[in-house]
Every structure is written in C-alpha cells, then in structure tokens.
2 protein chains.
Amino acid sequence: MNDIYDPLLNYISNRIKVNEKDCQIIKESFTPKTIEKKELLFKQGGVCTTTSFILKGSMRMFYLDKKGLEHVLYFGFPDWWVSDIGSFYQHTPSLLNGQALERTELLISTYDKMEELFTEVPALERLFRVITQKNLAALQQRFLSTVSETADQRYLKLLKRAPNIEQLVPQHQIASYLGILPESFSRLKRQLHSK
Amino acid sequence: MNDIYDPLLNYISNRIKVNEKDCQIIKESFTPKTIEKKELLFKQGGVCTTTSFILKGSMRMFYLDKKGLEHVLYFGFPDWWVSDIGSFYQHTPSLLNGQALERTELLISTYDKMEELFTEVPALERLFRVITQKNLAALQQRFLSTVSETADQRYLKLLKRAPNIEQLVPQHQIASYLGILPESFSRLKRQLHSK
DNA sequence: CAAAACCATTGATCTATGTTAAGATTTCAC
DNA sequence: GTGAAATCTTAACATAGATCAATGGTTTTG
C-alpha cells in the first residue's frame, strides 16, 4: 500500500481524477532510479531521452556556455519534473545538463512511454498541457525580470518566492540562477546588509 | 469553400487529423476581429481573456517596466498564436501588452471556448500541448542566449533565424527584442558594419 | 500641407556587473 | 586525519550597455 510510487500517484491524483487502472498504467510507465551527488541525469549535447519525477533530493539544470561559464536554468526538488523539454520532445541535442546536487531518487520515463501514457490516460495529456503552460508563464516572468531588473531586485524576489533556498543549494548556484558571478553575488549581499 | 477561417483550418489540418465535424466546431469557437495599428488586443494589468490566431498583419507582445522601458517578449505574424498565457489560463493580471504593429486581422477565442474545444476535439488538446512545449523550449533557448551572449551575438543569431525581420518591424522594436536600447543598437550595427 | 510626433544616429559620461587575483574557510577523498 | 579541492569573500580594474543630450530625417495627423 505504501510504496515508492506513492508521491507520484499523490501528485497526480491531487490534480486530476484517476482510477485504479490508470494508476497501474502510470506505475508501469516509470522506473525508479537513484543518482549520486554530481552525477548527470542528462548531458548537454546528447539527446535527453528521459523525463523524471523527483522523489527525494535536489538537482540543477544548467547550461555551460562557450566561455566555460555555467548558467542555472532551474532547480528541481521533490514533486518536480526534470528534463530538457526541447531535446526530449524533438529528439535534438540537449542544451542542458541535469545534475544531482545531492543523492537523488527519481521515477524516470521515456518519450515513447509518455506518449503512450497520454493516449491511454487522456486526463494526463491535459495535466501535462497545463503544467507546461504554467512553466511557460513562469519562464516568461523570469525572462522579463532578468531583462528589466537588477541582480539585487531579482535576488530579493527570489528570497520572497523561496525563503529557504539558501539552505537548499550553495551560494554560487544561486548566483548562477540569478545570472551573475559568485563575486558579484558576494558584493550584492554585502551592499544589501549594509542598509 | 474559401473563407476567412481557411488559414486556421489549414494550420490545424497540417498538424493533426480533423474531420468535417471537428472543423465546424473549430469555426464556431473563433470570432473574426480586426484591430488597427497601435491598438491593444490585451493590456498589462488587465486579465487577458483571449487567445488569438493571426490571419494577417503583425503584432508585438511587450512588457512596460517600472522605469517606463518597453521589453518585447515576442512578435506575432500570420499563423501565430498570441496571448498572455499566464493571464489567460490562470485569470491573473497580464504582464504583457499585445499591440498591433499595423492593421491586423485575427480569429479570437476565449478560455471557456478553448477548454470546451479541447474536450470536444482531443487531438487539439494534444496539438496545444505540443505547441506549448515548443514555445517553452524556444524561450529556454532565448533565455540562455540572453544571459550568456552579448547583444551583437544575439543580433546575428536573430538575423539568421529571421533574415527578413528588418523589413517587418522598425529598428527600435528589434532593439527592444534584443534587450538593448535603440542607441546601443545603432552603435552595435555601426561596429558590425565597420568590419 | 504644415506642425507635431516619432525615429535613427552620434557623442560624452555613468553604472552594474565581469575579470583577475589573492586569501580564508569549509568539505571531501584517500 | 591530512592534504587537496571546492567555496566564499574582498579589492582593483575593465567593459558592455545605459543614460543624457543634441541633431536631422521621416511619418502621421489634423
């Protein structure tokens, strides 16, 4: 009754109506996997063939640019979906690295299994449309915030949205998420404190 | 046989299988509308209650920041969908203004009609999931390009992707899309030409 | 058709953040 | 447990792009 799939089934049944049979199909579409700290679930340049639901742990999805700098696109925590969505659905090279920030437990699925799942459980097709729309809306906000506000304004906003973020991930990852270097982040915090 | 809905029905039937009845339902879900140059289809701060398919003309979706600067999130041309997706689906205040760059003809629909449409024509639910996923993937790329590249690199990339963009929209709109001011854009082009 | 509004360009200066370098502290691996 | 690696901080300097201001050209509008 209490197994490893429960967080996923709870996540789904909190959002859409599913019956016993749907749950069975869902369970059969996902495989448990554990990755160690620093291990990559998917790699920039390769095709990201998985989409995963985080059970435990934390991850960062980041892009390594031509100058060798890393840019965190988003973090992943329990109940989050992680993937390079462009690579996953269009079978193109991934822009992102999906890396565990600590030992992380996942339920992973593949493109074919997900498409099959959407056909067999149409309510899930709807759920994923809605999730993707919310992600798009959130990224639009983040993009506009990035082009119109300074790093300290973005930092204060982040703290409001995720007050415990500083406990969850190291500072230089937060800097990278904010789009600045650790040195600038240090400076920024000092200036904020001196007020 | 040849009516105002044809571009939309072509757009859809090029992507999914629809029968005669589906087409009828689709037509009933959209209303033609024409807006004049500079007119706003939806306004920042208000709820964006429409999602629209562009038949003819062009638009820009932009955010007006606290300092009074405008930031173009995207342009819209024939066969594009325009809306503030967050506002539309979550009934929250829109971040964006949707403005016509010239006289523009649209087919517009509402939240309730779209949700009904998705229920009556499930293949459309799938189509919109896929469109949204592609938009999300494209915005991720744009975001990463914005935080990792200089304005001239982004400009050259834009020219590759949309070589005729300079004919379609005025320069200061392109500057705004690139995330810089018209003055910086002028200078940037001069520097590129002097090589 | 003329006045007004808008648009592109240039130059001088300013500012947020990057760059480089160094030292202090914490964490990790053998 | 100890040395190596990773992390955080500070400081001096560099730079992309913003800001402010002025000019001439173009479109819009009454």
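Everything discussed here concerns the structure shown above.
Just so we're clear, the structure is a prediction, and the values are computed from it rather than from any experiment. (Residues numbered from 1 in each chain as written. Chains lettered and ligands numbered in written order. Predicted model: local features only at pLDDT ≥ 70, side-chain atom pairs only at ≥ 80, totals over all residues. Heavy atoms only, no water.)

### Observations concerning the protein's contact with DNA strand D
- Around DNA strand D, 19 residues are found, and the nearest of them are His-172 and Ser-186 of chain A together with Lys-37, Ala-151 and Ser-184 of chain B.
- Near the protein, meaning within 4 Å, the atoms of DNA strand D are sugar or phosphate in a fraction of 79%, with bases accounting for the rest.
- The backbone of Ala-151 of chain B places a nitrogen or oxygen atom 2.8 Å from a phosphate oxygen of DNA strand D.
- Those elements giving two or more residues to the surface near DNA strand D turn out to be α8 (171–178) and α9 (182–193) of chain A together with α6 (151–161) and α9 (182–193) of chain B.
- Take the surface near DNA strand D: its biggest share by element is 5 residues, from α9 of chain A.
- In the surface near DNA strand D, the residues fall into 4 nonpolar, 6 polar and 9 charged. (Near = heavy atom within 4 Å. Polar contact = N/O pair within 3.5 Å; in protein donor to acceptor, adjacent residues only side chain to side chain. Helix = DSSP H or I, 4+ residues; strand = E, 2+ residues; numbered from the N terminus. Nonpolar A, V, L, I, M, F, W, Y, C, P; charged D, E, K, R; others polar.)

### A few points about the relation of the copies chain A and chain B
- For the pair chain A and chain B, the best superposition has an RMSD of 0.0 Å and corresponds to a rotation of 180° with a translation of 0.0 Å parallel to the axis. When the rotation and shift are considered jointly, the pair of chain copies conforms to a two-fold rotation axis. Of every C-alpha in chain A, the one belonging to Arg-129 of chain A sits nearest the axis of rotation, 2.3 Å from it.
- When the interface residues of chain A are mapped onto chain B, 100% of them again fall at the interface, so both copies present the same face. (Least-squares fit on C-alpha atoms with pLDDT ≥ 70 in both. Contact = heavy atoms within 4.5 Å.)

### Notes on the packing of helix α8 (residues 171–178) of chain B against α9 of chain B
Residues and elements named next belong to chain B.
- Contact pair α8 / α9: the axes reach a minimum separation of 9 Å and the direction vectors enclose 95°. Of the possible angle classes, the one that applies to α8 and α9 is roughly perpendicular. Packed against α8, whose contacting residues are Gln-171, His-172, Ile-174, Ala-175 and Leu-178, the element α9 presents Pro-182, Phe-185 and Lys-189 at the interface.
- Of the residues that constitute the contact of α8 with α9, the class distribution is 5 nonpolar, 2 polar and 1 charged. (Axes fitted to C-alpha atoms, helices over the stretch in contact; angles between N-to-C directions. Parallel < 35°, antiparallel > 145°, perpendicular 65-115°, else oblique.)

### Description of the interface of chain A and chain B
- Counting residues at the interface gives 36 residues for chain A and 36 residues for chain B.
- Roughly 3600 Å² is buried in total at the junction of chain A and chain B, and carbon and sulfur atoms are behind 66% of that figure.
- Considering only the side of chain A, the residues that lose the most area to chain B are Arg-129, Phe-143 and Leu-144 of chain A, jointly responsible for 18% of the buried surface there.
- Scanning the region where chain A abuts chain B turns up 10 salt bridges.
- Notably, a salt bridge pairs Glu-115 of chain B with Arg-126 of chain A, separated by 3.2 Å at the nearest N-O pair.
- Our count for the chain A to chain B interface comes out at 14 residue pairs in polar contact (both at pLDDT 80 or more).
- Here the element with the most residues in the side of chain A that touches chain B is helix α5 (residues 122–148) of chain A; it accounts for 19 residues.
- Here the side of chain A that touches chain B is composed, by residue class, of 14 nonpolar, 11 polar and 11 charged. (Buried area = accessible area lost by both parts, 1.4 Å probe. Salt bridge = Lys/Arg side-chain N within 4 Å of Asp/Glu carboxyl O.)

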